[in-house]
Structures are given as structure tokens and as C-alpha cells.
Amino acid sequence: MAKQAAGRTMRRMGGLVIGLAISGSALAGVDGNATLTTDYVWRGSSQTMEDPTVQAGVKLSSESGWYGSVWGSGVSFEPDAGARSEFDFVAGWSGSLSDDWALDVNLTHYMYPSTDPGVDLDWTELNSTVTFKGNYWLSVGVSDDALASDTTGTYAQLGARFPINDQWRIEGAVGQYFLAKDYADDYLHGQLSVIWKVHGPWELRLTGHDTDNAGKRLFGSNAGSRVEFAIQTAF
């Protein structure tokens, strides 16, 4: 049932993206991004077995705040299920609630199209992020198929960015994943980044990650302490 619901969700999300694309009068902008990173770390766990990968995405936004996006990255898991790529399809709304507060609510579908026959790693999550003054945020993600486990999971992250000057800033975040006990123990992770805006939209990012022992039990050597270096740009 969860996988059938995910299929219906994807059709609705695809319809939203197409609707934004063909409604020229409502289209506020098209944005893109690209990253070359030494390790794709997601919620404290390496998604590439600590190998480098290329990532890119595009986002269509409407004047009313509705948007659709797709983002892709190379991946490699252990045990190997054949997955070599990940695509995140997102449909949602974002906008200002007041001068200081902003809200983003979206449905994200994580897709791994190259998995072995009989293996389904795809899953869907409802996410929301509240931002204060553009520099502090609280994000919550909820799914009844967390990490494609057919069990429930709730992820919460609290983060902040601290601009030093026009070129340098520091960002940090702490996240807790609350997972169904019949799947895995809850785990905690944190990350700290130093970002240098080199020129125009180009940035260099150095990030340290760590997880607690529960994260290590769940993800093995892909969790724990690690450092990631990335070159990224937006267009």
C-alpha cells in the first residue's frame, strides 16, 4: 500500500511540475545548482561509500510560492543493491509568514532507478521547514516508509548559519532521526561547515559530520566521523 501511495504521489508531483512549466504567466523563475563533492553525506551517513560524486538540480517556482524541483546524485551502498543514482522529486510551497519568519512545506520522493530486480529503495517523505530571519531553521520530515523500511520515521533538524563577512560564513546543524523500534534505534548526528564564497555564485564548503553509536549500528562504516569537501555553484 505504501508503494502504491508513493506512485500516486509521484504522478501528482509530476503534474505540478508540468503545470508550473506550461503556465508561463505564473512562472516566477527557474533556478539550478551543481556540486562536486568528495562524499555525499545525508543525515550523517555516506551515500557514496566515501567516494566523490557529482550532483545537480533544477527548480521551477511560481509567483504564488508553489514550486517543483528535481535533484540528482551518484550513490553507492553497502550491501550493494545495484543503485548508482538517486533522484529527489520535490513539490511544495514556500513563502514569508512575516518579516522574520518563512515556511517551506513539500513532499519529497527519493527514487533509485537502477536497483537490482526485486529491490525497491524508493520512498516518500513530507517535509516542513520554519526559518527565522533567514539564518535559523527547524526542519521536520515524516514518513510511513522511512528509508524504504515500510516502517514509520520522523526526522528533526535544528540549524543555524553565522555570516562572518561577505565571503565567509559558518553553518551548523543537529538532527535526530526517530525510527520505529522494529526497524532501528533512534540516532543523533551533527554537522559543522565553513563556507567560502569564492566568486559570484561559486562556493567552497568544508563540512565535518558525526553520528552517535546508534547511527553507526544502523549504517556501519558509512556513519561516524567524516569530513566532506565540496565545490558548488548556483545558476
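Residues numbered from 1 in each chain as written. Predicted model: local features only at pLDDT ≥ 70, side-chain atom pairs only at ≥ 80, totals over all residues. Heavy atoms only, no water.

Trainee: Could you clarify how one ought to interpret the overall build of the protein chain in this entry?
Mentor: A count of helical and extended segments in the protein chain gives two helices and 14 strands. Put simply, the protein chain has 235 residues, and 42% of those count as buried. Roughly 12200 Å² of accessible area belongs to the protein chain as shown, and the carbon and sulfur atoms make up 61% of that amount. (Helix = DSSP H or I, 4+ residues; strand = E, 2+ residues; numbered from the N terminus. Buried < 20%, exposed > 50% of the residue type's maximum accessible area, 1.4 Å probe, protein only. Areas by Shrake-Rupley, 256 points an atom, 1.4 Å probe, with all protein chains shown as cover.)

Trainee: Just checking my understanding: could you explain the sheet that holds strand β7 (residues 101–111) for this structure?
Mentor: Sheet strands pair via backbone hydrogen bonds, and the direction of the pair is either parallel or antiparallel. Strand order in the closed barrel made by the twelve strands is β1-β4-β5-β6-β7-β8-β9-β10-β11-β12-β13-β14, with antiparallel pairing throughout. With strand direction ignored, the average angle separating the axes of adjacent strands in the sheet is 20°. Relative to strand β9 (residues 136–143), strand β8 (residues 123–132) runs antiparallel, the two sharing seven bridges. Residue pairing for β9: S128 is matched across the bridge by V140. (Pairing = 2+ DSSP bridges. Axes fitted to C-alpha atoms, helices over the stretch in contact; angles between N-to-C directions.)

Trainee: Even after reading the chapter, I still don't get the layout of surface pockets, so can you show me in this structure?
Mentor: Think of a ball as big as a water molecule: rolled over the atoms, this probe shows where empty space is left. Of the pockets and cavities examined, the second largest pocket occupies roughly 510 Å³. Along the walls of the second largest pocket sit 20 residues, with Q47, F77, L121, L147 and F219 positioned nearest its centre. (1 Å grid on protein atoms, 1.4 Å probe; cavity = no way out; pocket = protein on both sides within 12 Å on 5 of 7 lines; lining within 4 Å. Points joined across faces, edges and corners; volume = space filled by probe spheres on them.)

Trainee: Is there a simple way to think about the side chain of T48 in this case?
Mentor: Relative to the assigned elements, T48 resides in the loop between β3 (45–46) and β4 (53–62). When sequence neighbours within four positions are dropped, the list of residues in contact with T48 reads D39, Y40, T53, G74, V75 and S76. (Contact = heavy atoms within 4.5 Å.)

Trainee: What should I look at first to understand the environment of G141 in this one?
Mentor: Tracing the sequence through the fold places G141 in strand β9. Residues G141 and T129, twelve residues apart in the sequence, show an inter-C-alpha distance of 8.8 Å. Aside from chain neighbours lying at most four places away, what touches G141 is E125, L126, N127, G153, T154 and Y155.

Trainee: In this structure, what is going on with the pairing of β9? I would like to understand it.
Mentor: Each regular strand carries side chains that alternate between the two faces of the sheet. Burial along β9 is one-sided: the residues W137, S139, G141 and S143 are buried and none of Y136, L138, V140 and V142 is. The loop that links β8 with its antiparallel partner β9 comprises three residues; one of these, K133, has a positive phi angle of about 55°. Relative to strand β10 (residues 153–163), β9 is paired through eight bridges, and the arrangement is antiparallel. Residue L138 lies in a different strand from β10, and its bridge partner there is L158.

Trainee: What is the right way to look at the environment of F132 in this model?
Mentor: Tracing the backbone shows F132 in strand β8. A relative accessible area of 25% places F132 in the partly exposed class. Note: C-alpha distance between F132 and A102 (30 residues apart in sequence) is 6.7 Å. Those residues in contact with F132 that lie beyond four places of it in its chain are D100 and W101.

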